[in-house]
Amino acid sequence: MSEWINCTLGDIAEVIGGGTPSKSKPEYYEGGTIPWITPKDLSGYPYRYIERGENNITELGLAKSSARMLPKGAVLFSSRAPIGYVAIAKNPLCTNQGFKSFICDEKKVNNLFLYYFLKSNLPMIENMANGSTFKEISGSVAKTIPISLPPLNIQEKIVSIIDSLDDKIELNLKMNETLEEMAMTLYKHWFIDFGPFQDGEFVESELGMIPKGWDVVQLSNVVNTQYGYTQSASEEKIGPHFLRITDIQENFISWNRVPYCSINEKDYEKYKLKKGDIVIARTGNSTGAVGYINSDVEAVFASFLVRLQPKNEQVSPHYLYLLTTSEGYQTYLNNVANGSARKGANAKVMTEYKIALPPKEVMYEFHNKVDGLLELIEQNIRENIELEQIRDYLLPRLLSGEIDLSQAEKQVEEVL
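As the structure is a computational prediction, the values presented were derived from the model and not from experiment.

Asks: Teacher, can you tell me more about the nonpolar core here?
Replies: Across soluble globular proteins, you tend to see nonpolar side chains buried next to one another. By size, the foremost hydrophobic cluster in this structure holds 70 residues, and its most contacted members are Leu219, Leu243, Trp255, Tyr319 and Ile355. At nine residues, helix α12 (residues 360–399) tops the list of elements feeding residues into this core. Residues in contact with Leu243, not counting those within four places in the same chain, are Ile248, Ile253, Trp255, Val258, Leu273, Val279, Ile293, Val300, Phe301, Ala302 and Leu305. Listed in part, the 47 residues of the second largest apolar core include Phe77, Leu114, Tyr115 and Ile161.

Structure (structure tokens):
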């Protein structure tokens, strides 16, 4: 600790703002090849490095705005709406004005060390924000953010310890993406293309040709629905987990980040999530986001979510999850969601979707086909929860010098 120095981010990095080319000028966007990142691109983004966002801009758009190119390795920090999204540029890119980005002086600070510092010190940084309408970290304030900085070799050691955990977390996330794709491919093969049944007889239906013996029904015929519980969330463990729309990212739920709520026993039994439940966001930009409760957990769900439960064994929860995340259902939901200011869909609309329902034995066989894939996904989620807990315990202690590096390294090696 005697070698650590106290300084500010302005002492160790150049602070760069961003900008937005005029949306009324199509030539600033159409055919653009320059990655342009907004805070929305980092909402729920689980990786350390980002390559591009939803939109690109053109060279002309860059020249005609206050956006500036950032080099590979720049640390992006959302400075408003909200404050605190962090990522590292995987390649040259630019951002909108919702960021204050840092180009590190490589002789003073490791960019991953700065990334972890910003992630770990968000409450302190938020307290430095100014603004009457909404809080923002200005460029001048960003330069004054204090940091306790060890020598580069110590920074690199700290980074290597935390990095090994994040490497495994991100590997599990990518594995889950592949497993999800495999499960969805099976769903499409069985229930869209009817691949296993092509040798059998088909009949005409309102959905087109379907295997003989299958029925066309609305989801409402085979699932029960329920709106969630209205309550305030708390970071303190005062009751069960309180699952909200914002806790469902890319159809995954990281339970160690889900807050808690206070609830009486009667309401807990009414809103308690059970293994096999599907919850769907019914309002806002997240309308249609799906969470699958594939393990036992002490949790209830919030009012902007709708629970879907199979009425009987005619529908498998695995099937229901893949159906609701499928392109066909998501397109349907997007088309029927209403509201000019804030789109939304109610439980009735959600379950008016029509499906080709197979005989029970076909559903049972499909459930068993995908069960292994979804179980592997759940295992990876559970492992990531454990790894994130260890990382979040070690990180502030490593950044403050409170824990011995060799001790932390040993603890991580035992887990990995």
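What follows picks up the thread again.
Asks: Help me understand helix α9 (residues 317–325), please; the structure alone is not making it clear to me.
Replies: With eight of nine residues buried, α9 lies mostly within the body of the structure. The backbone nitrogen of His318 lies 3.0 Å from a side-chain oxygen of the residue at the head of α9, namely Ser316.

Asks: Mind showing me how you'd approach the pattern of salt bridges here?
Replies: Side chains that carry opposite charge are capable of pairing whenever their charged atoms lie near each other. Taken as a whole and assessed by the stated rule, the structure comprises 18 salt bridges. Residues Lys100 and Glu136 are paired through a salt bridge, measuring 3.7 Å at the closest nitrogen-oxygen approach. With Lys100 in the loop between β8 (94–95) and β9 (101–104) and Glu136 in the loop between α5 (122–126) and α6 (139–143), this pair connects stretches of sequence that are 36 residues apart. Of the residues examined, Glu136 reaches a relative accessible area of 22% and is grouped as partly exposed. Among the charged side chains, a salt-bridge network with shared partners connects Arg48, Asp163, Asp167 and Glu170.

Asks: How do you make sense of the packing of aromatic side chains when you look at a structure like this?
Replies: One pair of aromatic rings is described through two measures. These are the centre distance and the angle between the planes. All told, the structure shown has 21 aromatic pairs when counted by the stated rule. Note on Phe194 and Trp214: the rings are 5.3 Å apart at their centroids and 90 degrees apart in plane angle, and the pair reads as edge-to-face. Taken together, the positions of Phe194 in the loop between α7 (152–191) and β11 (202–205) and Trp214 in the loop between β12 (208–211) and β13 (215–218) put the pair 20 residues apart, joining distant regions of the chain. Phe194 gets classed as buried once you look at its relative accessible area, which sits at 8%. With 6.5 Å between their ring centres and 90 degrees between their planes, Tyr229 and Phe242 make a pair best called edge-to-face. Placement of the pair is Tyr229 in the loop between β14 (223–227) and β15 (241–243) and Phe242 in strand β15, with a sequence separation of 13 residues. By relative accessible area, Phe242 is classed as buried at 3%.

Asks: Explain the environment of Thr325 here, please?
Replies: With respect to the helices and strands, the residue Thr325 is situated in helix α9. A relative accessible area of 15% means that Thr325 is categorised as buried. Between the C-alpha atom of Thr325 and that of Ala289, which follows or precedes it by 36 residues, the distance is 7.9 Å. Not counting residues up to four positions away in its chain, the partners in contact with Thr325 are Met184, Asn251, Val290 and Gln330. Polar side-chain contacts of Thr325 include one of 2.9 Å to the backbone oxygen of Tyr321.

Asks: For this particular structure, what's the right way to read the sheet that holds strand β3 (residues 34–37)?
Replies: A sheet is described by the order of its strands in space; here three strands give the open sequence β5-β3-β8, paired in mixed fashion. Both edges of this open sheet fall to β5 (55–57) and β8, since each of them pairs with a single strand only.

About the thresholds
Residues numbered from 1 in each chain as written. Predicted model: local features only at pLDDT ≥ 70, side-chain atom pairs only at ≥ 80, totals over all residues. Heavy atoms only, no water. Core = buried A, V, L, I, M, F, W, Y, C linked by side-chain atoms within 4.5 Å. Buried < 20%, exposed > 50% of the residue type's maximum accessible area, 1.4 Å probe, protein only. Helix = DSSP H or I, 4+ residues; strand = E, 2+ residues; numbered from the N terminus. Contact = heavy atoms within 4.5 Å. Polar contact = N/O pair within 3.5 Å; in protein donor to acceptor, adjacent residues only side chain to side chain. Salt bridge = Lys/Arg side-chain N within 4 Å of Asp/Glu carboxyl O. Phe/Tyr/Trp six-rings, centres within 6.5 Å; stacked < 30°, edge-to-face > 60°. Pairing = 2+ DSSP bridges.

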